[in-house]
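Geometric and topological summary
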Amino acid sequence: MTHLDIVITPEHQAIAARLALAFIDADEYRLNAAITEVAALDREAALAVAAVQSRNLAAALTGLLGSDEAARAALQRTILDAGMAGDE
């Protein structure tokens, strides 16, 4: 369980994987189906899918960039960029 008492189940992991695969394959039909599947979930299940996606993103960035520090810097730049875009 997470600190929010949300249990991540194999179903949540499968949904997260289907969503990522649809993006990788640039398959608009499957992407729409996966997003619709997430939208139909209750709040806790949707948060569980987001947690799986976030965990996978963090692991991928760390592997790609070579360290936790580099992955952290990339995500912090994204936060700063988003903040600056919001100021425009």
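Use the structure listed above.
Described in the following lines is the structure provided in the data block. These figures come from a predicted structure and were not determined experimentally.

What about the overall build of the chain?
Tallying secondary structure elements over the chain gives four helices and zero strands in all. Each helix and strand of the chain, placed in order from N terminus to C terminus, yields the pattern α-α-α-α. Counting only C-alpha atoms, the chain reaches 30 × 30 × 30 Å along its principal axes. Considering only intrachain contacts with a sequence separation of at least 6, the fraction spanning at least 24 residues in the chain is 45%. Carbon together with sulfur atoms contributes 61% to the accessible area of the chain, which is approximately 6,400 Å² in total. Distance between charge centroids for the chain: 5 Å, based on 6 positive and 13 negative side chains.

Here we look at the environment of leucine 57
If you trace the backbone, leucine 57 turns up in helix α3 (residues 43–65). Among the residues examined, leucine 57 registers a relative accessible area of 45% and is labelled partly exposed. Along the primary structure leucine 57 and alanine 71 are separated by 14 residues, whereas in three dimensions their C-alpha atoms are 9.5 Å apart.

Some points on the side chain of histidine 12
Relative to the helices and strands, histidine 12 resides in helix α1 (residues 10–25). Among the residues examined, histidine 12 registers a relative accessible area of 8% and is labelled buried. With sequence-adjacent residues up to four places away left out, histidine 12 is seen in contact with Val7, Ala45, Ala48 and Val49.

Side note on the packing of α3 against helix α4 (residues 68–87)
A pair of packed helices is captured by two measures, namely the crossing angle of their axes and the spacing between those axes. Two elements in contact, α3 and α4, have axes whose closest approach is 8 Å; the angle formed by their N-to-C orientations is 115°. Considering only the axes of α3 and α4, their crossing is right-handed. Between α3 and α4, the residues in contact are Leu57, Leu61, Thr62 and Leu65 and Asp68, Ala70, Ala71, Ala74 and Leu75, respectively.

Calculation criteria
Residues numbered from 1 in each chain as written. Predicted model: local features only at pLDDT ≥ 70, side-chain atom pairs only at ≥ 80, totals over all residues. Heavy atoms only, no water. Helix = DSSP H or I, 4+ residues; strand = E, 2+ residues; numbered from the N terminus. Contact = heavy atoms within 4.5 Å. Areas by Shrake-Rupley, 256 points an atom, 1.4 Å probe, with all protein chains shown as cover. Lys, Arg positive; Asp, Glu negative; His and termini not counted. Charge placed at Lys NZ, Arg CZ, Asp CG, Glu CD. Buried < 20%, exposed > 50% of the residue type's maximum accessible area, 1.4 Å probe, protein only. Axes fitted to C-alpha atoms, helices over the stretch in contact; angles between N-to-C directions. Left-handed = near helix turned anticlockwise from the far one by under 90°.

Read these as geometric descriptors, not functional statements.
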